[in-house]
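A closer look at the structure
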Amino acid sequence: MLKKSHRAKTASVRDQLIQAAARLADRVDTIAIEPPVTHIYNPLRYAWQPHVAYLEQANDERIRVLFLGMNPGPWGMAQTGVPFGEVTAVRDWIGIREPVQRPEPEHPKRPVTGFECARSEVSGRRLWGLFQKHFENAAQFFQDSLVLNYCPLVFMEASGKNRTPDKLSKSERVAIESACDAHLREALVASRCEFAVGIGAYAEAALSKAVHSVSHPCVVTRILHPSPASPAANRDWQGTVTSQLTVAGIWPPIA
């Protein structure tokens, strides 16, 4: 008689990423953030459905290239639950339009209207616009790559000004980074990525710290952040990043 195997079946890449995101949402919700931050949005809560729909697009065997941003923008992931999730790119190219709830409390200057949002986030438009130019369709992109954010939270001051994680107090940063580092390690292990690409210096540093916890070979590199606040990003950002990804061996040379 054949003996039954008691070896647990390994969860799929998608399931591992979804479970890791759920744990991250729980971890960051317990962290207290003091003024000048007055409002915190956690799209892993109120935009969980589109976030799960996004993670379900990932290659379920292996993600060759994992891109990592810092945290959501008010008109991108804060609206759609998708990293760098500019509304038209998520809705029309990726094909996601799941229900989005409202954060509580909601900042009066940063309303969340989900896929009805008429504002366009420049960083997301640039990033997903580059992918649309390079890949024939979204399915081809997800066969090869995935974009995540290091921190899922949006931090806002009373004025509505965005406060990035690196501008928090030291104790707050330590708490946030502990939760986000744990999630990043889980994402790297689940994806078994060949390349981990920081979108900007902050994300690259987070990857360089986390990559030591994975057993598979993974090259960490960086691309220019698409934020319009960066003068360099306003000078042919697509051309610069295409060259960076080509030199890194991630994308094939342009014929």
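Whatever comes next refers back to the structure up there.
Presented here is an overview of the structure given in this document. These numbers were taken from a predicted model, which means no experiment stands behind them.

The next point concerns empty space enclosed by the protein. Empty space left among the atoms is revealed by rolling a probe the size of a water molecule over them. Taken as a whole and assessed by the stated rule, the structure comprises 1 cavity of 30 Å³ or more. For the largest cavity, the calculated volume is near 110 Å³. Every residue lining the largest cavity is counted, 13 residues in all, and those nearest its centre are Ala-21, His-51, Leu-148, Asn-149 and His-183. No other element matches helix 1 (residues 13-29), which puts 4 residues into the lining of the largest cavity. Residues of the lining of the largest cavity, tallied by class, amount to 10 nonpolar, 3 polar and no charged.

Another aspect to go through is the pattern of salt bridges. Here the structure, examined in full by the defined rule, presents 13 salt bridges. With a closest N to O distance of 2.6 Å, Arg-45 and Asp-26 form a salt bridge. One end of the pair, Arg-45, is in helix 2 (residues 43-46); the other, Asp-26, is in helix 1, and 19 residues separate them in sequence. Between Asp-29 and Arg-45 there is a salt bridge, and its shortest N-O distance comes to 2.6 Å. Taken together, the residues span a long stretch of sequence, with Asp-29 in helix 1 and Arg-45 in helix 2 at a distance of 16 residues. Taking the relative accessible area as the measure of exposure, Asp-29 reaches 41% and is therefore partly exposed.

What follows concerns the packing of aromatic side chains. Here the structure, examined in full by the defined rule, presents 15 aromatic pairs. Every member of this aromatic cluster is reached through a ring pair, and the members are Tyr-54, Phe-67, Trp-93, Trp-128, Phe-131, Phe-135, Phe-141, Phe-142 and Trp-251.

Another point: the sheet that holds strand 5 (residues 195-199). Taken in spatial order, the 4 strands line up as 3-2-5-6 in an open sheet, and their pairing is parallel. On the outer flanks of this sheet lie strand 3 (145-149) and strand 6 (219-223), each paired with one strand and no other. Strand after strand, the sheet turns through a mean of 25° between neighbouring axes, direction not considered. Of the strand pairs in this sheet, strand 2 (residues 65-69) and strand 5 are connected by 4 bridges, and their pairing is parallel. What sits directly across from Leu-66, in strand 5, is Ala-196.

Procedures and definitions
Residues numbered from 1 in each chain as written. Predicted model: local features only at pLDDT ≥ 70, side-chain atom pairs only at ≥ 80, totals over all residues. Heavy atoms only, no water. 1 Å grid on protein atoms, 1.4 Å probe; cavity = no way out; pocket = protein on both sides within 12 Å on 5 of 7 lines; lining within 4 Å. Points joined across faces, edges and corners; volume = space filled by probe spheres on them. Helix = DSSP H or I, 4+ residues; strand = E, 2+ residues; numbered from the N terminus. Nonpolar A, V, L, I, M, F, W, Y, C, P; charged D, E, K, R; others polar. Salt bridge = Lys/Arg side-chain N within 4 Å of Asp/Glu carboxyl O. Buried < 20%, exposed > 50% of the residue type's maximum accessible area, 1.4 Å probe, protein only. Phe/Tyr/Trp six-rings, centres within 6.5 Å; stacked < 30°, edge-to-face > 60°. Pairing = 2+ DSSP bridges. Axes fitted to C-alpha atoms, helices over the stretch in contact; angles between N-to-C directions.

These figures capture arrangement, not role.
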